[in-house]
Amino acid sequence: MAGKKRTTTSGIEIKEVYTTPSSMNELPGEFPYTRGIQKDMYRGKPWTMRQYAGFSTAEESNKRYHYLLSQGTMGLSVAFDLPTQIGYDSDHELAEGEVGKVGVAIDSLKDIEILFDGIELKDITTSMTINATAPILLAMYIALAKKQGADLQQLSGTVQNDILKEYAARGTYIYPPGPSMRLITDVFEYCSKEVPKWNTISISGYHIREAGSTAVQELAFTLANGKAYLKAALTKGLDINVFAKRLSFFFNCHNNFFEEIAKFRAARRMWAHITKELGATDAGAQKLRFHTQTGGSTLTAQQPMNNIVRVSNQALAAVLGGTQSLHTNGYDEAIALPTEAAAKIALRTQQIIAFESGVTDTVDPLAGSYFIEALTDELEAAAQQYIDKIDAMGGSVKAIEQDYIQQEIANSAYQYQNEIESGEKVIVGVNKFTQEEAPLTNVFRVDDAIRKHQIEKITTLKDERDNRAVIICVQQLKDAAVGKENLMPYILAAVENYATLGEIADTLRAVFGEF
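Here we summarise the structure given alongside this text. (Residues numbered from 1 in each chain as written. Predicted model: local features only at pLDDT ≥ 70, side-chain atom pairs only at ≥ 80, totals over all residues. Heavy atoms only, no water.)

Once that is clear, we can look at the overall build of the chain. Across its full length, the chain holds 20 helices and eleven strands. For the chain, whose C-alpha radius of gyration is 23 Å, the value lies close to the compact-globule estimate of 24 Å for 515 residues. Its C-alpha atoms give the chain principal-axis dimensions of roughly 70 × 60 × 50 Å. Sorting the 515 residues of the chain into buried and exposed places 56% on the buried side. (Helix = DSSP H or I, 4+ residues; strand = E, 2+ residues; numbered from the N terminus. Rg over C-alpha atoms; globule rule 2.2 N^0.38 Å. Buried < 20%, exposed > 50% of the residue type's maximum accessible area, 1.4 Å probe, protein only.)

Laid out in structure tokens, this is it:
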């Protein structure tokens, strides 16, 4: 595929790479990777087309996954409900009203078995958007892979596992920062030996941007968090040339087309220098690999079909910026979870860009543009100022504890909203080009009755499992948490004996406390 001759519609041959006599003489696949982490990029293979999905029960989400795979999705991306994200089983009193609403409800390995029924984990890559309970959900995934007979050395996917942005921007944390960082580095260490192809963290700028940050702040705070994870792993004695290869990033893509492209290019260059300064000598440990999701907060409930254009613009920017995988939002997501029809259009958007637009025919086609190169430099310089300030505070954890990052995001969100309300910033269909319209009628809703279904499953599970084995596993986990051992083997043992997510999370709460 890489050697195939490419031409424009006029028959003009398209070279693999264009260079320019400007100051930008770097080639793709070469340090510091401004122009891409592979020399052939999408000429070699396209980005992974993911669709973020999960709702209601494991049974219902499984149907959506089979549908997406049948439509050409190349990897799954799992959304979990809020109780799952903060370590509560569906029968917990605080779970009422939230079960299955913003993602799928997962209470035990039994739910994971249903979620991936008929799907061979060895044949797909799976991204799991989960943070505080990431070690538990990863253990469930590994346990299912073992039951399917998959080779864990080849198992591939990503767990978000990024707790720092939760403190700063999103809020689904459970434990204090110290124990949380321990759990994260335990995952790094365990996977480097047992599941070496698994991406052990997806350092997320997405939620920082959704909380109201600017593009520069998204870039700066995400990379600053990345530095904190690198340093925590180094303190644990891990080899940066091993664990840094399994770090990935998760960025947002908003509507300012050229700024977003420049942001991605700057991110690669900055991360290459950060890892090198911290001792990475292996090229694989210096390369920033990232997933992109189009901007959920840019979607409007007014004139929702306009969102198809917004998503297309954002997806194209992500591709021109060199993303490794991409999720495109459904046009109806400002109103509810996406319908199958909206999810299909979102996926088709990626496929049209990949196979019809021609932008994949050459690597980093905007390189050498005076504007793009200058903007890349300017974003890097502005982001570096933030990182220098955070470093002076003692790093991301200290900056978060001092409320610095949270306040900077809040100030930007406030300014942005003022610009919309004053009309200085135009949002089509919201503060300009408005019209009366009938509301969407085909809207996806999750039935509150599913909580009852989940509670019944938990009750049945506890009746059928070996409860004595669960008690032993949970006690062993508690003892290990009091000590300094890696907790992943103990979590995996508890999961394999069908301890629930809530039982495991509560065991760690008893030792670590809540934040």
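Side chains that carry opposite charge are capable of pairing whenever their charged atoms lie near each other. Taken as a whole and assessed by the stated rule, the structure comprises 28 salt bridges. Between E380 and R269 there is a salt bridge, with the nearest N and O atoms lying 2.9 Å from each other. Pair noted here: E380 is in helix α14 (residues 370-393) and R269 is in helix α10 (residues 257-277), with a separation of 111 residues, a long-range link. Between K452 and E456 there is a salt bridge, with its nearest N and O atoms 2.9 Å apart. Here E456 and K452 lie together in helix α17 (residues 450-464), a separation of four residues that amounts to about one turn. Sharing partners across several salt bridges, the network here consists of R35, R265, D364 and E373. (Salt bridge = Lys/Arg side-chain N within 4 Å of Asp/Glu carboxyl O.)

What follows deals with the packing of helix α4 (residues 134-148) against helix α19 (residues 488-496). One can describe the packing of α4 onto α19 by two numbers: an axis separation of 9 Å at closest approach and a directional angle of 60 degrees. One finds that α4 runs oblique with respect to α19. With respect to the hand of their crossing, α4 and α19 are arranged in right-handed fashion. Across the interface between the two elements, P135, I136, L138, A139, M140, I142, A143 and K146 from α4 touch M488, I491, L492, V495 and E496 from α19. The class makeup of the residues in the contact of α4 with α19 is eleven nonpolar, no polar and two charged. (Axes fitted to C-alpha atoms, helices over the stretch in contact; angles between N-to-C directions. Parallel < 35°, antiparallel > 145°, perpendicular 65-115°, else oblique. Left-handed = near helix turned anticlockwise from the far one by under 90°. Contact = heavy atoms within 4.5 Å. Nonpolar A, V, L, I, M, F, W, Y, C, P; charged D, E, K, R; others polar.)

All right, on to unusual backbone geometry then. That bond from F31 to P32 is cis: its omega, 5 degrees, falls within 30 degrees of zero. Its location among the elements puts P32 in the loop between β2 (13-14) and β3 (48-53). Positioned with a positive phi, M41 is a non-glycine residue whose angle comes to about 45 degrees. Backbone geometry at Y498 places phi at a positive 70 degrees, although glycine is not the residue there. Topologically, Y498 is positioned in the loop between α19 and α20 (501-512). Judged by relative accessible area, which is 15%, Y498 ranks as buried.

Among the surface-exposed residues, V426, V428 and F433 lie close enough to one another that they form a single nonpolar patch of about 270 Å² accessible area. Mapped onto the elements, V426 comes out in the loop between α16 (404-422) and α17. What makes V426 partly exposed here is its relative accessible area of 43%. (Patch = residues over 30% accessible without salt bridge, like charges linked within 9 Å, V, L, I, M, F, W, Y side chains within 5 Å. Areas by Shrake-Rupley, 256 points an atom, 1.4 Å probe, with all protein chains shown as cover.)

Turning next to the packing of aromatic side chains. Tallying each qualifying case throughout the model produces 19 aromatic pairs. On the numbers, 5.7 Å between centres and 80 degrees between planes, the contact of Y175 with F512 is edge-to-face. Here Y175, found in the loop between α5 (164-170) and α6 (177-194), pairs with F512, found in helix α20; they are 337 residues apart in sequence, far enough to count as distant. Classification of Y175 as buried rests on a relative accessible area of 2%. Cluster of aromatic residues (ring-pair linked, three or more members): F249, F251, F264, W271 and F290. Directly above the ring of F31 sits K276, whose terminal nitrogen or CZ lies 4.6 Å from the centroid. (Phe/Tyr/Trp six-rings, centres within 6.5 Å; stacked < 30°, edge-to-face > 60°. Lys NZ or Arg CZ within 6 Å of the ring centre and 35° of its normal.)

Reported here for the second largest pocket is a volume of approximately 920 Å³. In this structure, the second largest pocket is lined by 30 residues; those nearest its centre are H254, T298, Y416, K425 and I427. Ranked by residue count, the leading element in the lining of the second largest pocket is α16, at seven residues. Residues that form the lining of the second largest pocket fall into these classes: ten nonpolar, 13 polar and seven charged. (1 Å grid on protein atoms, 1.4 Å probe; cavity = no way out; pocket = protein on both sides within 12 Å on 5 of 7 lines; lining within 4 Å. Points joined across faces, edges and corners; volume = space filled by probe spheres on them.)

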